[in-house]
Amino acid sequence: MSRTGRGRGRLKAARLGPRDVLHVGSSGLRSRPMRVVLSALGIAIGIATMISVVGISSSSQAQLLRELDKLGTNLLVASPGDSMFAGQDVALPEGSVGMVGRIKGVQEVGATADLDATVRRNEKIDEGDTGGIAVRATTADLLRVLRGEVSSGSWLNAATGRYPSVVLGHVSAERLGITKPGRQVWIGDRYFTVTGILAPLPLAPEIERSALVGWEGAKRLLGFEGHPTSVYERSDDAAVQDVRKVMAATVDPQNPQNVKVTDPSSALRAKAATEGAFSSLLLGLGGIALLVGGVGVANTMIISVLERRYEIGLRRSLGATRGQIRIQFVTESLMLSGLGGLAGVALGAAATGVYAHSGGLPWVVPLWAVGGGFGATLVIGTVAGLYPAVRASRLSPTLALHAA
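First, a word on what this report is: a plain description of the structure on this page. As the structure is a prediction and not an experimental result, all values here were calculated from the model. (Residues numbered from 1 in each chain as written. Predicted model: local features only at pLDDT ≥ 70, side-chain atom pairs only at ≥ 80, totals over all residues. Heavy atoms only, no water.)

Taken together, the side chains of Met34, Val37 and Leu38 make up a nonpolar region of the molecular surface, amounting to roughly 330 Å² of accessible area. Its location among the elements puts valine 37 in helix 3 (residues 33-71). (Patch = residues over 30% accessible without salt bridge, like charges linked within 9 Å, V, L, I, M, F, W, Y side chains within 5 Å. Areas by Shrake-Rupley, 256 points an atom, 1.4 Å probe, with all protein chains shown as cover. Salt bridge = Lys/Arg side-chain N within 4 Å of Asp/Glu carboxyl O. Helix = DSSP H or I, 4+ residues; strand = E, 2+ residues; numbered from the N terminus.)

What follows covers helix 9 (residues 240-251). Compared with an ideal rise of 1.5 Å per residue, which puts twelve residues at 16 Å, helix 9 spans 16 Å between its outermost C-alpha atoms and is within 8% of the ideal. Among all positions of helix 9, only Val240, Val243, Met247, Ala248 and Val251 are buried. Seen end-on, helix 9 carries its buried residues on one side only, within an arc spanning 125°. Away from the buried face of helix 9 by more than 90 degrees, exposed residues Gln241 and Lys245 are located. Looking at the packing, one finds that the buried side of helix 9 touches strand 1 (75-80), helix 4 (96-101), strand 2 (106-114), strand 10 (230-235) and strand 11 (259-262). (Expected span 1.5 Å × (residues − 1). Buried < 20%, exposed > 50% of the residue type's maximum accessible area, 1.4 Å probe, protein only. Arc of directions from axis to C-beta. Contact = heavy atoms within 4.5 Å.)

Bringing helix 14 (residues 367-393) into the picture now. Helix length check: helix 14, at 27 residues, gives a terminal C-alpha distance of 38 Å against a target of 39 Å (1.5 Å per residue), a fit within 8%. Along its length, helix 14 reaches its greatest deviation from straightness, about 35°, at leucine 386, and the proline proline 388 lies no more than four positions downstream. Buried within helix 14 we find Ala369, Gly373, Thr377, Ile380, Gly381, Ala384, Gly385, Pro388, Ala389, Ala392 and Ser393. (Bend = angle between axes of the 7 residues up to and from the residue.)

Structure, rendered in structure tokens:
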């Protein structure tokens, strides 16, 4: 017989197209739906944990960045620093506010001053029971400088700032049990009328825990001498660093070392930058759950190979090659992991949405987290299916049929 005739008589295995690969790969999943659900559940839990952790962290970070955009990063605060001489108190000059306002690039200036007084619901409450609330004198421009808002009532003006009127930070109002303006509180040796309650001030948490009286009213009624404790200023964005360099020397030209200049927005920026720092532990737990899910998939595939020896032997007898058997079981493993991955992405995104909605946060699920998480499931599915696929391809048609 010629070489050509021998070549023509040799049978070639039929090639499997993509549609055929999907069909044979999904046959095992269709025949055992409950096992598929339970095996994919481990993958879904791992991916859902990772997606929700990243999504919740990103949503919180987006909220902080949104607050920064609203509040601005061009606020600086000058306050007394540490004296060179131990035990000596440092005070800012009375004209600090006006001097800071003359710095080139400064747009607005406001100030507060700590007062030697306490605020209580009435005079019968013990003077030491302050509730952590400080009494401060304030200039009329402070709220505008801080870009704050009054949640109820009104801010101090030129008239109310001269008389026994007070505005409470929202934390102070909660601690005093005051929910609306018009109530009176005891400050010093007299009652002050609450004219307003402030909304939260992320850039000035000390104001949230304060009872604020007018600058002139503090001088007349509480013995205030006029030295500010904190001077707040807003400047052009491009001038922030230049203002910071000269602010201490401007506030106190003779002793600039006694003036401390801080940037309140830096704390908020740092918080936004480190928002995901404590997520690494949860991400690690999600990764462990994902690996456990991968082990579950591998175990399911091995059991599937043992249970389907007859099917494998029959396909081998009909001409299926070892490579086609391997492709079938790797595809089945990939589809099993992929289903778990899709379910995990949906669950993680939903959990993030519920958390964001309940906390009033923007719903943010980074695409890299979705893509990375789903890609990880495919990698795990491939790895988990390799050994069962190789084991299935090594089955002899005769042994498989004999075992059946």
